[in-house]
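Notes for the structure review
Okay, here's what each chain looks like letter by letter:
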Amino acid sequence: MTQKVAVLGTGKIGEALLSGMIRGGWAPADLLVTARRQERAEELRTRYGVTPVSNQEAAKTADTLILTVKPQDMGVLLDELAPHVPADRLVISGAAGIPIAFFEDRLAAGTPVVRVMTNTPALVDEAMSVISAGSHATADHLAHAEEIFGAVGKTLRVPESQQDACTALSGSGPAYFFYLVEAMTDAGILLGLPRDKAHDLIVQSAIGAATMLRDSGEHPVRLRENVTSPAGTTINAIRELENHGVRAALIAALEAARDRSRELASGTKD
Ligand SMILES: NC(=O)C1=CN([C@@H]2O[C@H](COP(=O)(O)OP(=O)(O)OC[C@H]3O[C@@H](n4cnc5c(N)ncnc54)[C@H](O)[C@@H]3O)[C@@H](O)[C@H]2O)C=CC1
Ligand SMILES: O=C(O)[C@@H]1CCC=N1
């Protein structure tokens, strides 16, 4: 039997996942989407050949529901869905912060729930998605969630207690790298390079460094040491990074992101 998957609240993350599933071989005819605005629904139909439906219709007809609205909108969406979701359907939450218990408390008793934190590199099939099972989710449910999110990158199972930390590291992670590229491009301008050249130099250096981190099997400290010549240029830059507390700033930044994820737990805070 064909498994229908519905993406509810198809914004940036929902669309990234949807497009990746189609690239990964899912038939658009088996994919349903919901959106708040009619124009958005039609845009998704035109772009991907998927079928826009109402939230209620998705709840009634899809085998798997993937909820990709903002954490603050999840309560309202669940109120709308809960009376219509049969208890044998898999519900996947893609929202930051909101615990699995929030869904289990509102859905029919026994509904399997899986919590996933992915990231925007899903757009280029390089996502990192961390996956946790709810109390009624079986090995098959987890495998199905992995199949879906595996279409857009890597997946890793973690206990739910680690989800807020993972949200801070990999969910938000791409933003930190974009921020660094932005800052280093500014540095290039200060050093007299045109913005486009500075951008290209930094982006290619980032791609090279990321590829080495992934493929060389070397520890990041070793990779950095290999760049850092005695009495050379790099050590002068590293000294400034240490003087300005960049390592401590990153640790504090990720702790703040983790704390915000915890705060969102009720799904009702602004
Ligand atoms: N943007 C990111 O990098 C990441 C976001 N997330 C999570 O993904 C979720 C979505 O984030 P984004 O895609 O960035 O937000 P977004 O704002 O682009 O998408 C959310 C969409 O949900 C729609 N929506 C809200 N209520 C609705 C309802 N009742 N029915 C139908 N549609 C509804 C909105 O109109 C919007 O298009 C959030 O829960 C966030 O925590 C997770 C990982 C990374
Ligand atoms: O900033 C946020 O809340 C979302 C969750 C992880 C990445 N973006």
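Residues numbered from 1 in each chain as written. Chains lettered and ligands numbered in written order. Predicted model: local features only at pLDDT ≥ 70, side-chain atom pairs only at ≥ 80, totals over all residues. Heavy atoms only, no water.

Here the focus is helix H6 (residues 139–150). With twelve residues, H6 should cover 16 Å at 1.5 Å per step; its first-to-last C-alpha distance of 16 Å lies within 8% of that length. Listed as buried for H6 are His141, Leu142, His144, Ala145, Ile148 and Phe149. What you see down the axis of H6 is that its buried residues fit within an arc of 160 degrees, all on one side. Summarising the geometry of H6, the exposed residues directed more than 90 degrees from the buried face are Ala139 and Asp140. (Helix = DSSP H or I, 4+ residues; strand = E, 2+ residues; numbered from the N terminus. Expected span 1.5 Å × (residues − 1). Buried < 20%, exposed > 50% of the residue type's maximum accessible area, 1.4 Å probe, protein only. Arc of directions from axis to C-beta.)

What surrounds ligand 2 is the set Ala96, Gly171 and Ser172. Burial of ligand 2 by the protein amounts to 46% of the accessible area it has alone, namely 250 Å². (Near = heavy atom within 4 Å. Areas by Shrake-Rupley, 256 points an atom, 1.4 Å probe, with all protein chains shown as cover.)

With respect to spatial proximity, 20 residues lie near ligand 1, and among them Lys12, Ile13, Asn55, Val69 and Ala96 are the closest. In the model, an oxygen atom of ligand 1 is placed 3.0 Å from a nitrogen or oxygen of the Ala96 main chain. When isolated, ligand 1 has an accessible area of 820 Å², and the protein chains bury 82% of it. Looking at the shell around ligand 1, the elements with two or more residues in it are helix H1 (12–23) and helix H4 (71–81). Here the element with the most residues in the shell around ligand 1 is H4; it accounts for three residues. Residue composition of the shell around ligand 1, grouped by class: eight nonpolar, eight polar and four charged. (Polar contact = N/O pair within 3.5 Å; in protein donor to acceptor, adjacent residues only side chain to side chain. Nonpolar A, V, L, I, M, F, W, Y, C, P; charged D, E, K, R; others polar.)

Let's shift gears to the packing of helix H7 (residues 163–171) against helix H12 (residues 246–263). Interhelical geometry of H7 versus H12 gives an angle of 130 degrees and a closest axis separation of 8 Å. Put simply, H7 runs oblique to H12. Once H7 is placed against H12, the crossing between them reads as right-handed. Along its contact with H7, which presents Asp164, Ala165, Thr167, Ala168 and Leu169, the element H12 presents Leu254, Ala257, Arg258, Ser261 and Arg262. Within the contact of H7 with H12, the residues separate by chemical class into five nonpolar, two polar and three charged. (Axes fitted to C-alpha atoms, helices over the stretch in contact; angles between N-to-C directions. Parallel < 35°, antiparallel > 145°, perpendicular 65-115°, else oblique. Left-handed = near helix turned anticlockwise from the far one by under 90°. Contact = heavy atoms within 4.5 Å.)

Another point: the nonpolar core. Core analysis: the biggest nonpolar cluster contains 27 residues, and Leu18, Ile66, Ile92, Val114 and Ile148 have the highest contact counts within it. For this core, the elements supplying multiple residues, two or more each, are strand S1 (5–8), H1, strand S2 (31–34), helix H2 (38–48), strand S5 (90–93), strand S6 (113–117), strand S7 (127–133) and H6. Every residue in contact with Ile66, bar those within four places of it in the chain, is listed here: Val5, Ala6, Val7, Leu8, Leu17, Ile92, Ile148 and Phe149. (Core = buried A, V, L, I, M, F, W, Y, C linked by side-chain atoms within 4.5 Å.)

Our focus in this paragraph is the domain arrangement of the protein chain. Domain annotation of the protein chain identifies domain 1 (5–163) and domain 2 (173–263). Taking only C-alpha atoms into account, the centre of domain 1 sits 33 Å from that of domain 2. Taken together, the contact between domain 1 and domain 2 spans seven residues of the former and four residues of the latter. Carbon and sulfur atoms supply 46% of the area that domain 1 and domain 2 bury against each other, a total of about 360 Å² over both sides. Applying the counting rule to domain 1 against domain 2 returns one salt bridge. (Domains from an automatic or database assignment. Buried area = accessible area lost by both parts, 1.4 Å probe. Salt bridge = Lys/Arg side-chain N within 4 Å of Asp/Glu carboxyl O.)

Attention shifts here to the packing of aromatic side chains. Summed over the entire model, instances satisfying the criterion amount to one aromatic pair. Ring centres 5.8 Å apart and planes at 75 degrees place the aromatic pair Phe102 and Phe103 in the edge-to-face group. Here the basic side chain of Arg106 rests over the ring of Phe102, its NZ or CZ set 3.7 Å away from the ring centre. (Phe/Tyr/Trp six-rings, centres within 6.5 Å; stacked < 30°, edge-to-face > 60°. Lys NZ or Arg CZ within 6 Å of the ring centre and 35° of its normal.)

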